[in-house]
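An overview of the molecular structure
The residues making up each chain are set out below.
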Amino acid sequence: MQLKRVVITGIGVVSPLGNSVASFIDGLETGKSSVRFMEEWTHYNGMRSFVAAPAELKDEKKIPRQNRRTMGRMSIFAAQASEQAVADSGITPAEISSGRTGCIIGSTMGSAKSINDAFEIMLPERDLTRLSSSMFFQCMSHTATVNVAQYLGLTGYLMTSAAACASSLQAVGIAYDLIRLGRQDLFLCGGTEELHPTVTGSFDILFATSVKYNQAPQKTPRPFDKDRDGLVCGEGSGIMVLEEYEHAVRRNAKIYAEIAGYSTFGSGSHMSQSDKKSMIHCMSEALHSADIKPGQIDYINAHATGTPQGDKEEAEAIKEIFGASVPVSSLKGYIGHTLGASGAIELIASLIMMEKGIIYPTLNLKEIDPDCGGIAHITGPVRKEINTVLKNCFAFGGINASLVCRKNIY
Amino acid sequence: MTEQEIIEITNRVFEESFEIEKEKLHPQAHIFQDLGIDSLDVVDLVVALQKSFGVNIRNEEKVRNIRTLQDIYDFIAEIKNEKERQSY
């Protein structure tokens, strides 16, 4: 069976740097950090990290109430990013409702705020009578996918990937595979996530968060830096339109890149600790599936969140495969770790880097930790022709995902 | 509670919970056809009315017969009166 080819023809972003691709990219270009002190979290007993990268919830009332009522914060972000991606791609409402367009939007879980609100209403007196009808639809794991599908009238293949920080890259990977197999012509795919003290708290109790920069929020996270001390949570949504190549050519669509390869594997070794060996396996398989050699990759967009152990393992894994020949940067210093949305948001940034021929550097990387050495860190903007990109995501649960895109299609 | 108070509180529920413009809230407005309330909204309407009036109407059969805003005003008045009678 001849597998189909898959291209990216639309992108949309809600990010801590702004609620459009343009404002997001502008923030990256100007080296802006969106991390701030979270005064409102200081009353949580046991919390040590009071920094985060919030996005702005705005224009939500443009979504009709009947659609909005079942959307938590993260689904609103996803709906807005999806609308941008659809508009950017130029696909029509008829195509969206044809049954040939699917939707896969990943997230760690349902809306954290809605889940907390539901239990706060219900648990004190074990009383169900004050729960609203829409609460469950905001809390369920596939909330973003189905809210976007209902809002846009999308009738194709619907599912949700839930792989923590690899969720959105898995969403793109699954959509890629399904289009390759000919099951759908188009997919809206990506990820979404929302900030909540319980989300940061879940990392905080594992000592994975940044705690030393509460008084200097913009200096953290510091991927690969010798003074890094943990991750900073962000929020937002990145959505892409994936399209079967011939379908895109027939309608003369703008093509950002072709998805050339993808892989996802488990580490089978530890629930929360990254491990070099499984990262090497994942990246190597992505290259293999793209049928390209390590030297043909022009840029690696790293997962690197600023944790001491995770950055070290990723740097060592990259060094093992690529040495110091391929430029590497992480975008977490600008927007924090947007968790389930990070793969898609950062892949979108990588597509724009390809388009513009520029690599955005790792913000806050002032002194490379010797533990993370031996790879080509980018610490200032670099002009470079970029044809191929490798994007990594490494998640809790030992789930790794890597995706390869190429600009020049032949 | 006066009839006017019942009307004001009920209308406020429709304005705040369902974002319906004040001008549309006349007694004969059909809550499904004119105000766009659907099956999910009915659940929230009951929750909001219970909270606003301090009553428990979730299991009242009569809720199913409500069609217009006037039906709600009458229903609430009836429940409130019954409650007041019982408290004497």
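Residues numbered from 1 in each chain as written. Chains lettered and ligands numbered in written order. Predicted model: local features only at pLDDT ≥ 70, side-chain atom pairs only at ≥ 80, totals over all residues. Heavy atoms only, no water.

**Section: the sheet that holds strand 2 (residues 36-37) of chain A**
Residue and element names in this part refer to chain A. Within the open sheet, the three strands sit side by side as 2-3-7. Their pairing is mixed. With one partner strand each, in any of the chains shown, strand 2 and strand 7 (233-234) form the two edges of the open sheet. Sheet analysis places strand 3 (residues 51-53) next to strand 7, joined by two bridges and oriented parallel. When the bridges of strand 7 are listed, Ala 53 appears paired with Gly 234. (Pairing = 2+ DSSP bridges. Helix = DSSP H or I, 4+ residues; strand = E, 2+ residues; numbered from the N terminus.)

**So, the nonpolar core**
Among the nonpolar cores identified, the biggest contains 68 residues, and Met240(A) and Leu242(A) are the most heavily contacted of them. Looking at which element gives the most residues to this core, the answer is helix 14 (residues 342-356) of chain A, with nine residues. Formed jointly, this core draws a minimum of three residues from each of two domains, domain 1 (6-250) and domain 2 (261-406) of chain A. Not counting the four nearest positions on each side in its chain, Leu242(A) is found in contact with Val6(A), Val7(A), Ile8(A), Val172(A), Ala175(A), Tyr176(A), Ile179(A), Asp185(A), Leu186(A), Phe187(A), Cys189(A) and Ile259(A). Core analysis: the second largest hydrophobic core is formed by 27 residues, Leu45(B), Phe53(B), Leu69(B) and Phe75(B) among them. (Core = buried A, V, L, I, M, F, W, Y, C linked by side-chain atoms within 4.5 Å. Buried < 20%, exposed > 50% of the residue type's maximum accessible area, 1.4 Å probe, protein only. Domains from an automatic or database assignment. Contact = heavy atoms within 4.5 Å.)

**Re the sheet that holds strand 9 (residues 257-266) of chain A**
Residues and elements named next belong to chain A. Spatially, the 11 strands line up as an open sheet ordered 5-4-6-8-1-9-16-15-10-11-13, and their pairing is mixed. For this open sheet the edge positions go to strand 5 (158-159) and strand 13 (376-377), each flanked by a neighbour on one side alone. The pairing of strand 1 (residues 6-14) with strand 8 (residues 236-244) spans eight bridges and is classified as antiparallel. Each bridged residue has a counterpart across the sheet, and for Val 7 the counterpart in strand 8 is Glu 243. The strands touched by helix 7 (residues 143-152) within the sheet are strand 4 (101-106), strand 5 and strand 6 (186-193), with strand 4 carrying the most contacts at an inclination of about 145°. Strand contacts of helix 12 (residues 308-322): strand 10 (299-301), strand 11 (327-329) and strand 15 (388-395), with the helix running at about 145° to strand 15, the strand carrying the most contacts. (Axes fitted to C-alpha atoms, helices over the stretch in contact; angles between N-to-C directions.)

**Focus: the layout of surface pockets**
Its volume calculated, the largest pocket comes out at about 710 Å³. As for the largest pocket, its lining consists of 22 residues, and the residues nearest its centre are Ser132(A), Glu16(B), Ser17(B), Asp44(B) and Ala48(B). Elements with a contribution of two residues or more to the lining of the largest pocket: helix 2 (65-68) of chain A together with helix 1 (3-18) and helix 2 (39-53) of chain B. Sorting elements by how many residues they give to the lining of the largest pocket places helix 2 of chain B first, with six residues. Tallied by class, the residues present in the lining of the largest pocket amount to six nonpolar, five polar and 11 charged. Here the second largest pocket defines a volume of roughly 570 Å³. Forming the walls of the second largest pocket are 27 residues, and the residues nearest its centre are Arg73(A), Lys113(A), Ser114(A), Asp117(A) and His196(A). Mapped onto the lining of the second largest pocket, the elements with two or more residues apiece are helix 3 (73-89), helix 5 (112-122) and helix 6 (135-139) of chain A. Among the elements that line the lining of the second largest pocket, the one with the most residues is helix 5 of chain A, at six residues. By residue class, the composition of the lining of the second largest pocket is 12 nonpolar, seven polar and eight charged. (1 Å grid on protein atoms, 1.4 Å probe; cavity = no way out; pocket = protein on both sides within 12 Å on 5 of 7 lines; lining within 4 Å. Points joined across faces, edges and corners; volume = space filled by probe spheres on them. Nonpolar A, V, L, I, M, F, W, Y, C, P; charged D, E, K, R; others polar.)

**Some remarks on the packing of aromatic side chains**
Residues and elements named next belong to chain A. By the definition in use, this model includes five aromatic pairs over all chains. Centre to centre, the rings of Phe 136 and Phe 137 are 5.9 Å apart; their planes meet at 65°, and the pair counts as edge-to-face. The class of Phe 137 is partly exposed, set by a relative accessible area of 28%. Sitting over the face of the ring of Tyr 245, Arg 5 holds its NZ or CZ atom 4.7 Å from the ring centroid. (Phe/Tyr/Trp six-rings, centres within 6.5 Å; stacked < 30°, edge-to-face > 60°. Lys NZ or Arg CZ within 6 Å of the ring centre and 35° of its normal.)

**So, the pattern of salt bridges**
All names here are of chain A. Evaluation of the coordinates by the stated rule reveals 33 salt bridges over all chains. Taking the shortest distance from any N to any O, the salt bridge between Arg 73 and Glu 235 comes out at 2.6 Å. Highlighted residues: Arg 73 in helix 3 and Glu 235 in the loop between strand 7 and strand 8, separated in sequence by 162 residues. Across the pair Asp 127 and Arg 130 runs a salt bridge whose closest N-O atoms are separated by 3.5 Å. (Salt bridge = Lys/Arg side-chain N within 4 Å of Asp/Glu carboxyl O.)

**Side note on the side chain of Thr70(A)**
Mapped onto the elements of the fold, Thr70(A) is located in the loop between helix 2 and helix 3. Overall, the relative accessible area of 11% leaves Thr70(A) in the buried class. A polar side-chain atom of Thr70(A) sits 2.6 Å from a polar atom in the side chain of Asn147(A). Apart from the residues within four sequence positions on either side, Thr70(A) is in contact with Ser134(A), Phe137(A), Gln138(A), Thr143(A), Asn147(A) and Leu40(B). (Polar contact = N/O pair within 3.5 Å; in protein donor to acceptor, adjacent residues only side chain to side chain.)

**Here we look at helix 2 of chain B**
End to end, helix 2 of chain B covers 21 Å across 15 residues, agreeing with the expected 21 Å (1.5 Å per residue, within 8%). Looking at the buried side of helix 2 of chain B, the elements it contacts are helix 2 of chain A together with helix 1 and helix 3 (69-87) of chain B. The N-cap of helix 2 of chain B, judged by a side-chain oxygen 3.2 Å from the amide nitrogen of Leu40(B) a few residues on, is Asp38(B). Just downstream of helix 2 of chain B, Gly54(B) is the residue with a positive phi angle, here 65°. (Expected span 1.5 Å × (residues − 1).)

**Let's talk about the environment of Ser210(A)**
Residues and elements named next belong to chain A. Along the chain, Ser 210 falls in the loop between helix 9 (197-204) and strand 7. Note: C-alpha distance between Ser 210 and Ala 171 (39 residues apart in sequence) is 28 Å. Residue contacts for Ser 210: discarding those within four places in its chain leaves Ser 49, Val 51, Thr 220, Asp 229, Gly 230, Leu 231 and Val 232. A polar atom in the side chain of Ser 210 sits 2.7 Å from the side chain of Thr 220.

**Focus: the interface of chain A and chain B**
Each partner contributes residues to the interface: chain A has 13 residues there, and chain B has 12 residues. Taking both partners together, chain A and chain B bury about 1000 Å²; carbon and sulfur atoms supply 42% of that area. At the junction of chain A with chain B, the criterion picks out five salt bridges. Arg69(A) serves as the salt-bridge partner of Asp41(B), at 2.6 Å between the closest nitrogen and oxygen. (Buried area = accessible area lost by both parts, 1.4 Å probe.)

**Describing unusual backbone geometry**
Residue and element names in this part refer to chain A. A cis amide bond links Thr 220 with the next residue in sequence, Pro 221, at an omega value of 0°. Within the fold, Pro 221 resides in the loop between helix 9 and strand 7. Positive phi outside glycine occurs at Asp 59, with the angle close to 60°. Looking at the secondary structure, you find Asp 59 in the loop between strand 3 and helix 2. At Asp 291, a residue that is not glycine, the phi angle is positive and equals roughly 60°. On the secondary structure map, Asp 291 appears in the loop between helix 11 (276-290) and strand 10.

That's the geometry; what it means functionally is another story.
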